[in-house]
Amino acid sequence: MADVALQPGSTAATRTAKKRSSLRNVLGRKSTIAFLMALPLILLIATLVVYPAFYALHLATLNKSMARFVGFGNFEFLFKRETFWLVVKQSCIFAITAVLFKALLGFIIAHFVHNIPAKGQRKWRGMLLVPWVIPPAMSTLAWLWLFDPSYSAFNYTLGLFGAGPIPWTGDAMWARFSVILVNIWVGAPFFMIMYLAALKSVPDQLYEAAAIDGANWWQRIWYVTLPMMRNIIAITTLFSLIVTFANFDIVRILTAGGPLDHTHIFATWAFRVGIEGSDIPLGASVSLFMVPILAVAAIFILRDIAKRGNEA
Amino acid sequence: MATMTIDKAGPTRKVKYGSMSRDRAWALRWSYFFLVIFVIFFLTPPVYMLITSLKSSAEISAATNPWWVSRPTLDNYVALLTSNQFLRFFWNSAIVSILVVSITMLIAVPAAFALSRMRFWGSTILGTGVFLTYLIPETLLFIPLFKLFVVFSDWTGIQLINRWYVLLFIYPTLTVPFCTWIMIGYFASIPKELDEAAIIDGASWFQTLTRIFIPVALPGLIAATIFAFTVSWAQFLYPLVFTTSTDQLVMPVGIITTLIKGDVFNWGQIMTGALLGAAPPLIIYAFLMDYYIAGLTAGATKG
């Protein structure tokens, strides 16, 4: 705009002025300022996220002392180990079961909160979100104490009803149950909050229309609520799948992978092998196995967000 | 089809008509009933922390009713709050979290402003990249990062492993992408007319950011700050990998590695420590619940 106004008067003068301060022009240009503002972010992501990610690929091809290139040697070694396949199986069971129950529980609780009068909802929501707010490492300690082999408060309570003591973290199946239970406890409130926000965005008219058409509560959920919440359900589940699959704190503190590696998942086993066993290349190889599943989830999330961007 | 719907609607409608309000009253009662059950399930661990923290070691090992305190005592709190080691953990956690929050905001806010308002070469790719980095879990990067810092110390002679300040470099990888992402969402929702008006009035880009965007997007900024603080306070894996000396540990790792000595579990003190470690996020949550929830839902819904 300003250029147009100036042009008829003194074209030559502005041209020389432009030449003289071309560096200042580049620095003053909008896109340059923007780039400089984003530069710390770019540097951070490049040096501490992208570079380490590729460095992990490099590490995975070295031998234990990191002196010799072994190609796919670490992966071949892993494929031959029974523990590795146990870890793969357990990670999948852990992530899928936990996410499924978190989603289900979150959905149910969100409905109950949505059902009660609006002025009481805040209080209930506040109490129900507490497990998500406490640092997982701290709350898992409380669970560890609740599951304690000799002083378990749960077993004491069960004993009052005549039920036998349960080896919460001692037996393989019970230990798996326990880590999944704690994970559900930590994660369900997040689903509840997300679903509650989604429920509130469903217009009441749809329910009124469904009620007039004679839909029962099940039909109302199936044909009105679920289609309206589809997006949120998908994205929350995918998010949670990534976080749960890559979980570390809960398993590490509750069972540390035991008994006999029967609760190890990728992250805890990578820690055991890579940091505690100081075989960094092998640990890097183990954690790299998380990438395919995380990538698939990430692609679906991105697709979903792009789709919603187009709708808006 | 038409006859079928009529058949169905006939009898059922009559039954429902009379009992509508009674149905609703029952639904409400059931809702409260199940909510109470879920609240009990969700609050049992923290309440049990509190119960145990008030017990003496003698009472815990006597194995009386675990849900009841017969002789409440504050000994565990006194023991921890007068122990230099524990105060050191608390101090380390506090300083790390506060510095990480400041670093995060200094990086995330200008970047979010640039990405949401000013286009430059590669800015759309960067926006997607920020979101992707947010999806990368820390368990994928801890081994290469650890090795990277070892190599770095070998080359430069600057020792970063086993120093609390190494966390200042690492935590931003967790907090910055998310905070940038939600700030982009908040900035994008500010009407364009507002910053155009500021530019016409002669404001520079920097002034537009500090005088217009930050005040208007303050709720988003608070939500991002809370998120960054909670994440840095709760982080467990990175300090476990990068710090080992007891004077360098942060709260969660410190409690777990020092209070659990071999097979001797001093549960009274462990639960007290866990409760004190959970206190700062809980206090922030109690006072700023709405911002906390806004940040939580914005992460996945803002696109």
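Conventions adopted
- As a convention, each chain's residues are numbered from 1 in the sequence order in which they are written.
- Numbering of ligands from 1 and lettering of chains from A proceed in the order in which they are written.
- Selection of residues for local features in this predicted model requires a pLDDT of at least 70, selection of side-chain atom pairs for listing and counting requires 80 or more, and totals for whole chains, interfaces and linings are taken over all residues.
- Going along the chain from the N terminus, every DSSP run of H or I of four or more residues is numbered as a helix, and every run of E of two or more is numbered as a strand.
- Note on contacts: each residue gets a C-beta atom placed from the backbone, and two residues are in contact if those atoms are within 7 Å.
- C-alpha atoms define the radius of gyration, and 2.2 Å times the number of residues to the power 0.38 defines the globule rule.
- Residue burial here comes from a neighbour count, namely the number of other C-beta atoms, placed from the backbone, that lie within 10 Å of the residue's own C-beta, with 20 or more meaning buried, 12 or fewer meaning exposed, and in between meaning partly exposed.
- Lines fitted to the C-alpha atoms define the axes, with helices restricted to the stretch that makes contact. Angles between their N-to-C directions range from 0 to 180 degrees.
- Orientation is classified from the angle alone, with under 35 degrees giving roughly parallel, over 145 giving roughly antiparallel, 65 to 115 giving roughly perpendicular, and any other angle giving oblique.
- Handedness of each helix crossing follows the sense of rotation of the near helix against the far helix: counterclockwise by less than a right angle gives left-handed, clockwise gives right-handed.
- All amino acids are sorted into three groups, where Ala, Val, Leu, Ile, Met, Phe, Trp, Tyr, Cys and Pro are nonpolar, Asp, Glu, Lys and Arg are charged, and the leftover types, Gly among them, are polar.
- pLDDT is defined as a per-residue confidence score from the predictor, taking values between 0 and 100.
- In this entry, domain limits derive from an automatic or database-based domain assignment.
- Among buried residues, those of type Ala, Val, Leu, Ile, Met, Phe, Trp, Tyr and Cys that are joined through C-beta atoms within 7 Å form a set called a nonpolar core.

1. Notes on the overall build of chain A
In terms of helices and strands, chain A carries 17 helices and 0 strands. Sequence separation of at least 24 residues holds for 65% of the intrachain contacts in chain A that already meet a minimum separation of 6.

2. A look at the overall build of chain B
On a plain count of helices and strands, chain B comes out with 16 helices and 2 strands. Here the C-alpha radius of gyration of chain B, 26 Å, is well above what a compact globule of 303 residues would show, namely 19 Å. The dimensions of chain B, computed from C-alpha atoms along their principal axes, are 85 × 70 × 35 Å. For chain B, buried positions account for 43% of its 303 residues. Expressed as a percentage of contacts within chain B between residues at least 6 apart in sequence, the contacts between residues at least 24 apart total 76%.

3. Regarding the packing of helix 9 (residues 172–188) of chain B against helix 12 (residues 218–234) of chain B
Residue and element names in this part refer to chain B. In contact at an axis separation of 10 Å, helix 9 and helix 12 are set at 165° when each is read in the N-to-C sense. On the basis of their axis angle, the class for helix 9 and helix 12 is roughly antiparallel. The handedness of the crossing between helix 9 and helix 12 comes out as right-handed. On helix 12, the residues touching L174, T175, F178, C179, I182, M183 and Y186 of helix 9 are G220, A223, A224, F227, A228, V231 and S232. Residues that form the contact of helix 9 with helix 12 fall into these classes: 11 nonpolar, 3 polar and no charged.

4. Points about the environment of G122 of chain B
All names here are of chain B. Looking at the element boundaries, G122 is found in the loop between helix 5 (84–117) and helix 6 (123–135). On the neighbour-count criterion, G122 (12 C-beta atoms within 10 Å) is exposed. Between the C-alpha atoms of G122 and A298, which are 176 residues apart in sequence, the distance is 24 Å.

5. Remarks on the interface of chain A and chain B
With 76 residues of chain A at the contact, the number on the chain B side is 79 residues. With 19 residues, the top contributor of residues to the side of chain A that touches chain B is helix 4 (residues 30–59) of chain A. Tallied by class, the residues present in the side of chain A that touches chain B amount to 63 nonpolar, 10 polar and 3 charged.

6. Here we look at the confidence of the model for chain A
With 88% of its residues at a pLDDT of 70 or more, chain A has an overall mean of 82. Residue range residues 1–10 of chain A is modelled with pLDDT below 50. Its contacts to residues more than four positions away, or to other chains, number 1 contact.

7. With respect to unusual backbone geometry
Positive phi, close to 55°, is recorded for L260 of chain A, a residue that is not glycine. Turning to its location among the elements, L260 of chain A is positioned in the loop between helix 14 (249–254) and helix 15 (266–276). Phi angles above zero are rare outside glycine, and N162 of chain B is one such case at about 65°.

8. Quick notes on the confidence of the model for chain B
Residue and element names in this part refer to chain B. Put simply, chain B has an average pLDDT of 83, and 90% of its residues get 70 or more. Below pLDDT 50 for its whole length, residues 1–18 participates in 4 contacts with residues either more than four positions away or in separate chains. The ipTM assigned to the predicted complex is 0.83, against a pTM of 0.84.

9. Observations regarding the domain arrangement of chain A
Along its sequence, chain A is organised into domain 1 (22–59) and domain 2 (76–311). One C-alpha centre belongs to domain 1 of chain A, the other to domain 2 of chain A, and the line joining them spans 35 Å.

10. Some thoughts on the packing of helix 4 of chain A against helix 5 of chain B
Interaxial distance between helix 4 of chain A and helix 5 of chain B falls to 8 Å at its minimum, and their mutual angle equals 125°. By the angle class used here, helix 4 of chain A and helix 5 of chain B are oblique. When you trace helix 4 of chain A past helix 5 of chain B, the crossing you get is left-handed. Each of A34, M37, A38, P40, L41 and L44 of chain A in helix 4 of chain A lies in contact with helix 5 of chain B, whose residues at this interface are I107, P110, A111, F113, A114 and L115 of chain B. When grouped by side-chain class, the residues that make up the contact of helix 4 of chain A with helix 5 of chain B number 12 nonpolar, no polar and no charged.

11. What to know about helix 12 (residues 204–212) of chain A
Taken across its 9 residues, helix 12 of chain A has 0 buried, putting it largely on the surface. Two residues or fewer after helix 12 of chain A comes G214 of chain A, characterised by a positive phi angle close to 85°.

12. Focus: the nonpolar core
Ranked by internal contacts, the top residues of the largest apolar core, which has 169 residues, are Y195 of chain A together with M183 and A274 of chain B. When residues in this core are grouped by element, the largest group, 16 residues, is from helix 11 (residues 172–200) of chain A. Domain assignment of the residues forming this core places at least three in each of domain 1 (22–59) and domain 2 (76–311) of chain A. Each residue touching Y195 of chain A, except ones within four places of it in the same chain, is listed here: G106, F107, A110, M229 and I232 of chain A.

13. As for the environment of W218 of chain A
Residues and elements named next belong to chain A. In this fold, W218 is placed in helix 13 (residues 217–245). The exposure class assigned to W218 is exposed, which follows from the 8 C-beta atoms found within 10 Å. Here the alpha-carbon distance between W218 and A188, two residues 30 residues apart in the chain, equals 22 Å.

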